[in-house]
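# What the coordinates show
Here's the letter readout for the chains.
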Amino acid sequence: MTPQLRRSVWPVCLTLGLVMHVPTHIARAQELVPLWPTAAPGALGTTADDIPAMAVFRATPERATGAAVIIFPGGGYGHLATEKEGVKVAQWLNGQGVTAFVVRYRLGPKYHHPAMEQDGQRAVRLVRANAASYGVVPSRIAVMGFSAGGHLAGTVATRGGNGTANAADVVERVSARPDAALLIYPVITMQAPYAHTGSRRNLLGEQPSPALVRELSIETQVSKTTPPVFLVASTEDRTVPVENSTALYAALRAAAVPAELHVYERGAHGFGLAPDDPVLSGWTRHAADWLARTFREPGVAATMAADSITHAIVDARFAGANGDSVRGVPVYRTVNAAVAAAPNFPLVPYTIRIRKGRYAEKVSVDKPNIRLIGEQRDSTIITWSDIAATPMPGGGTMGTRGSWTLRVTQADFRLEHITVENAFDYDANARKDNADSTKLKDVQGLAIALTDKSDRAVLRDVVLLGHQDTFFADAGRTYLVGSRIEGNVDFIFGSGRMVFEDCDIVSLDRFSATNNGYIAAPSTDITSYGMLFLRSRLKKGTPQLAPNSVSLGRPWHPGGNPRAVGMAVFVDTWMDDHIASKGWERMSAGPTATGERVWFEPEHARFAEYRSRGPGAVRSATRRVLSDGDAMSYTLDLFLDGWNPGITR
């Protein structure tokens with residue numbers, strides 16, 4: 001921390017107005033930091049009103065993401081709604097792993113512009129200059145403002161300048177431009193007819209010049225260097241009309257600045273977090289998601305070195321209570337407990353490291369940006385044994401979609417150095433006589449399911465074990481590298497975009513001389529890319545697996561969907577002799593209303609190979625081989641739609 005920064009324990013300065021209604025254990029943990037080392041520029045006295053400051057709400061170490069938000073409460077530039085639009089907002093942000101700073105800036109009528117803007121820019125510079133001491137990434141600093149505080153945040157976002165390289169005050173050497181701005185029912189314009197007259201009078205005085213009025217109207221200050229902006233407003237707001245937000249949104253769009261606008265029908269001015277309104281309170285979820293996406297966008301800035309960070313540890317042998325801290329990192333006995341404790345919207349990758357052991361759990365990852373990193377691939381195992389026929393507690397059965405061991409429903413998931421197993425004993429069930437009442441029929445069992453909002457999932461150095469339907473990717477983009485997948489029937493399936501690079505695809509024996517299953521069962525929409533197997537190996541689970549008995553895949557049309565024109569392409573892939581010479585197989589759907597089954601032929605799907613090799617890479621009239629020119633349309637970049645998984649091999 002720089003010598004310029006003087007700190008005090010929170011309760012020392014009650015005049016900030018932030019201590020009221022805050023639990024004691026929270027209040028004692030905060031710091032009160034004056035924005036200026038001596039008197040603020042243009043100070044008119046020495047009372048608390050003349051000393052701008054910020055209160056620090058640090059995210060707890062186990063949740064901290066490295067992101068920061070500087071909050072400007074509203075109040076028409078005449079007072080500060082610090083509790084509702086400051087303290088409670090900071091506490092909400094702490095729950096997302098964000099360190100928050102609530103600013104007490106100078107107010108009218110005692111002060112006018114530029115005092116408020118000076119305080120706002122100084123707050124950004126102070127946080128950035130002392131980022132390391134706050135555990136903050138200097139390129140992950142946002143401003144957030146409510147009402148008139150939104151005007152101040154918008155002013156800082158559009159007018160925040162570079163630092164002065166040779167300034168005597170080291171804080172003044174850094175940039176005052178935030179990396180993002182969140183403006184909630186903000187005052188934007190100072191111009192008629194939508195200006196908030198009280199804010200304009202307190203900020204600019206009784207008779208400001210037309211030039212100053214225009215200059216302090218944020219919609220006129222937008223440029224291509226303005227950071228991304230998130231806006232919330234309501235049409236019911238009679239204090240600050242929604243046209244303030246729509247005018248700024250239009251200006252941002254015209255300047256090609258990333259922006260997101262949420263307008264609610266109901267919501268009087270000053271609703272804050274709207275905790276009692278199930279609809280209006282949804283803006284916080286959208287804001288957290290937007291901030292997470294904005295801070296992850298390539299080109300904004302590099303994130304922290306996430307591979308070197310541990311936010312939580314899972315250790316089945318841990319003797320303490322779940323969440324107990326060991327050398328500053330919380331430890332949990334189960335994967336589910338660690339995922340549950342993670343922020344709902346981590347702004348940078350939230351890394352959970354899993355010690356060696358067998359974790360008998362059915363794990364659902366329903367939060368974005370979660371990383372599960374095992375200690376060692378073959379000895380860090382998540383296992384469960386549900387199948388489609390498994391009874392549900394409330395009646396019915398799991399079905400294929402419910403039979404997963406690990407399910408991911410949100411974006412930016414990453415799995416490394418772990419085995420995920422569906423442990424149902426498929427072979428023992430298959431050996432039972434068909435007349436045996438204990439023999440189960442619906443034996444599909446997923447190791448992993450990637451569904452709903454899953455996208456940009458990376459699976460690196462993992463093992464996926466199952467038999468029928470081992471790996472299900474039915475949403476978004478998935479990249480698997482350096483991994484092994486085992487199964488027999490349709491054990492890689494779904495409608496998502498999938499790339500398997502340098503992977504071992506292992507077919508397990510069903511002890512048939514002619515049909516030991518199918519590898520791929522894509523249900524790709526006709527407009528999308530599907531599965532790409534790149535520089536991988538199709539192997540046998542045992543040497544005894546019959547030759548010419550496993551198909552490369554078959555076309556899956558869920559419910560007979562005619563748009564599900566599956567795509568599976570094998571490029572530079574080695575194939576053992578278990579691969580069938582005909583390559584692909586037909587697949588049926590139904591029965592229809594008349595009791596018939598509809599058959600879909602492989603030649604009507606998008607199946608192909610390019611430069612296959614090995615004993616199973618035989619020439620056949622039913623195995624389409626791409627030309628060199630055609631192969632240019634089947635690349636990793638096209639399948640992943642431009643997304644770079646960031647894997648260095």
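Residues numbered from 1 in each chain as written. Predicted model: local features only at pLDDT ≥ 70, side-chain atom pairs only at ≥ 80, totals over all residues. Heavy atoms only, no water.

### Points about the pairing of strand β12 (residues 329-332)
- Here β12 shows a buried face lined by Val-329 and Val-331 and a second buried face lined by Pro-330 and Tyr-332.
- Sheet analysis places strand β10 (residues 312-314) next to β12, joined by 2 bridges and oriented parallel. The residue of β12 that forms the bridge with Ile-313 is Val-331.
- In terms of strand pairing, strand β11 (residues 324-326) meets β12 through 3 bridges, oriented antiparallel. Residue pairing in the sheet places Ser-325 in a bridge with Pro-330 of β12. (Buried < 20%, exposed > 50% of the residue type's maximum accessible area, 1.4 Å probe, protein only. Helix = DSSP H or I, 4+ residues; strand = E, 2+ residues; numbered from the N terminus. Pairing = 2+ DSSP bridges.)

### Some remarks on the packing of aromatic side chains
- Here the structure, examined in full by the defined rule, presents 17 aromatic pairs.
- Their ring planes at 20° and their centres at 4.4 Å tell us that Phe-472 and Phe-493 sit as a pair that is stacked. One end of the pair, Phe-472, is in strand β24 (residues 471-473); the other, Phe-493, is in strand β27 (residues 489-494), with 21 residues separating them in the sequence.
- A residue is classified by how much of its surface remains accessible, and Phe-472, at 2% relative accessible area, is buried.
- Take Phe-493: its relative accessible area is 5%, and that puts it in the buried class.
- Across the ring face of Tyr-111, the terminal group of Arg-106 is positioned such that the distance to the ring centre comes to 5.1 Å. (Phe/Tyr/Trp six-rings, centres within 6.5 Å; stacked < 30°, edge-to-face > 60°. Lys NZ or Arg CZ within 6 Å of the ring centre and 35° of its normal.)

### So, unusual backbone geometry
- Pro-109 follows Gly-108 through a cis peptide bond whose omega is 5°.
- Note that Pro-109 resides in the loop between β5 (98-104) and α3 (115-129).
- Here the bond from Ala-192 into Pro-193 is cis, since omega is 10°, no more than 30 degrees from zero.
- With respect to the helices and strands, Pro-193 occurs in the loop between β7 (180-184) and α6 (197-204).

### Let's talk about the sheet that holds strand β30 (residues 518-522)
- Strands sit in the order β15-β18-β21-β24-β27-β30-β33 across an open sheet of 7 strands; the sheet is parallel. The open sheet terminates on both sides in strands that have one partner only, identified here as β15 (363-365) and β33 (551-553). This sheet shows a mean twist of 15° between the axes of neighbouring strands, independent of strand direction.
- As paired strands, β15 and strand β18 (residues 406-408) are joined by 3 bridges and run parallel to one another. Looking at β18, one finds that Ser-364 is bridged to Arg-407. (Axes fitted to C-alpha atoms, helices over the stretch in contact; angles between N-to-C directions.)

In short, the description is geometric, and any link to function would need to be established separately.
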